[in-house]
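Listed here are the chains, written in short residue letters.
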Amino acid sequence: QVQLVQSGAEVKKPGASVKVSCKASGYTFTGYYMHWVRQAPGQGLEYMGWINPNGGDTYSVQKFQGRVTMTRDTSISTDYMELSRLTSEDTAVYYCAREPPRTGGFDYWGQGSLVTVSS
Amino acid sequence: QSALTQPPSASGSPGQSVTISCTGTSSDVGGSNSVSWYQQHPGKAPKLMIYEVNKRPSGVPDRFSGSKSGNTASLTVSGLQAEDEADYYCSSYTGSPRASYVFGTGTKVTVL
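Residues numbered from 1 in each chain as written. Chains lettered and ligands numbered in written order. Predicted model: local features only at pLDDT ≥ 70, side-chain atom pairs only at ≥ 80, totals over all residues. Heavy atoms only, no water.

J.: Please explain the overall build of chain B as it appears in this structure.
T.: Regarding its fold elements, chain B presents zero helices and nine strands. Counting from the amino terminus, helix and strand elements in chain B follow one another as β-β-β-β-β-β-β-β-β. Since a compact globule built from 112 residues should have a radius of gyration of about 13 Å, the 13 Å found for chain B is in line with a globular shape. Summarising its shape, the C-alpha atoms of chain B cover approximately 40 × 25 × 25 Å along the three principal directions. For chain B, buried positions account for 45% of its 112 residues. (Helix = DSSP H or I, 4+ residues; strand = E, 2+ residues; numbered from the N terminus. Rg over C-alpha atoms; globule rule 2.2 N^0.38 Å. Buried < 20%, exposed > 50% of the residue type's maximum accessible area, 1.4 Å probe, protein only.)

What follows is the structure in structure tokens.
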């Protein structure tokens, strides 16, 4: 069965970076885009960006450009999202989510990784 | 890239129907058939309920239906059940400036 298993909770200081992993199983990893979405405490979903199936292209929305790096290691079916220059406003649960080809829907989600930014 | 607009809350009694709207622009909802809806229970990851405006993934009850008119998409939940109480988010593809997505502000559905 399809599974996306994310790394555990992290506590970081302001100005630091965090790298969240998303390990996929149960499907052909290189056939799907992966997207990253975050949710601050008590807030709604916020779209961050995507990485393409072979890992050769990424895009992040303007708010995160210059601060987020998305990478893919196809040898271990794992995606990574690294966010730098953290502030308290980056405290959130970060999700990876798979998109089947040309559907525009995210059909499987990771369990979420809580990142807390605190001095 | 502004969030799509949803009403903060909606409610209905068991067995009734509730409809949630999702308003965007011609750059997202109005210009794309890649509109999807997600259900999220507290402390859980979102779950895909509708994709491509009105298609249901396998396992999603046919009580859930989607539609779109112009820049507004809608999710209707018929025959409300207690387990439908959750937050619901719409999402739309947007091609500007590059292919990406945008979420709605979210609607809390309460089953009275």
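From this point, the discussion proceeds with the structure in view.
J.: What should I look at first to understand the state of the cysteines in this one?
T.: Defined simply, a disulfide is a covalent bond joining two cysteines at their sulfur atoms. Residues and elements named next belong to chain A. Applying the stated criterion across every chain yields a total of two disulfides over all chains. A disulfide bridge connects Cys22 with Cys96, and the sulfur atoms are separated by 2.1 Å. Between Cys22 and Cys96 the disulfide shows an S-S torsion of about 75°. By sign, it is right-handed. With Cys22 in strand β3 (residues 18-25) and Cys96 in strand β9 (residues 92-99), the pair connects residues that are 74 residues apart, well separated along the chain. Residue class for Cys22 comes out buried when judged on its relative accessible area of 0%. (Disulfide = S-S within 2.5 Å.)

J.: Please clarify how the nonpolar core should be interpreted in this entry.
T.: Nonpolar side chains in soluble globular proteins tend to be buried together. If you look at the biggest cluster of nonpolar residues, it comprises 39 residues, and the most contacted ones within it are A:Met81, A:Trp109 and B:Phe103. In this structure, A:Met81 is in contact with A:Val18, A:Lys19, A:Val20, A:Trp36, A:Met48, A:Val68, A:Thr69, A:Met70 and A:Tyr94, ignoring residues within four places of it in sequence. Counting residues in each nonpolar core, the second largest holds 23 residues, with B:Val53, B:Leu75, B:Val77 and B:Val102 among its members. (Core = buried A, V, L, I, M, F, W, Y, C linked by side-chain atoms within 4.5 Å. Contact = heavy atoms within 4.5 Å.)

J.: Just to check I follow, could you spell out the sheet that holds strand β6 (residues 72-77) of chain B for this structure?
T.: Paired through backbone hydrogen bonds, the strands of a sheet run either parallel or antiparallel to each other. Residues and elements named next belong to chain B. One open sheet accounts for three strands, arranged β2-β6-β5; its pairing is antiparallel. This sheet does not close on itself; its edge strands, each paired only once, are β2 (18-23) and β5 (64-69). For this sheet, the mean inter-axis angle between neighbouring strands, taken without regard to orientation, is 20°. (Pairing = 2+ DSSP bridges. Axes fitted to C-alpha atoms, helices over the stretch in contact; angles between N-to-C directions.)

J.: Explain the pattern of salt bridges here, please?
T.: Pairing is possible between side chains that carry opposite charge, provided their charged atoms lie close to one another. If you walk through the whole model with that rule in mind, you get 10 salt bridges over all chains. Residue A:Arg38 pairs with A:Glu46 through a salt bridge whose shortest N-O separation is 2.8 Å. Exposure remark for A:Arg38: the relative accessible area of 5% places this residue in the buried category. Among the ionic pairs, B:Arg63 bridges to B:Asp84, the shortest N-O distance being 2.6 Å. (Salt bridge = Lys/Arg side-chain N within 4 Å of Asp/Glu carboxyl O.)

J.: So what exactly am I meant to see when it comes to the interface of chain A and chain B here?
T.: By convention, interface size is frequently given as the accessible area that disappears when the constituent parts associate. Tallying the contact residues gives 23 residues for chain A and 18 residues for chain B. Here chain A meets chain B over a buried area of about 1700 Å², counting both sides, of which 59% is carbon and sulfur. At the junction of chain A and chain B, the tally comes to one salt bridge. The salt bridge involving A:Asp57 is made with B:Arg98; its shortest N-O contact spans 2.7 Å. There are seven residue pairs in polar contact (both at pLDDT 80 or more) connecting chain A and chain B. Broken down by element, the side of chain A that touches chain B gets its largest block of residues, four residues, from strand β5 (residues 45-51) of chain A. Partitioned by chemical class, the residues of the side of chain A that touches chain B number nine nonpolar, nine polar and five charged. (Buried area = accessible area lost by both parts, 1.4 Å probe. Polar contact = N/O pair within 3.5 Å; in protein donor to acceptor, adjacent residues only side chain to side chain. Nonpolar A, V, L, I, M, F, W, Y, C, P; charged D, E, K, R; others polar.)

Any link to function would need more than the numbers given here.
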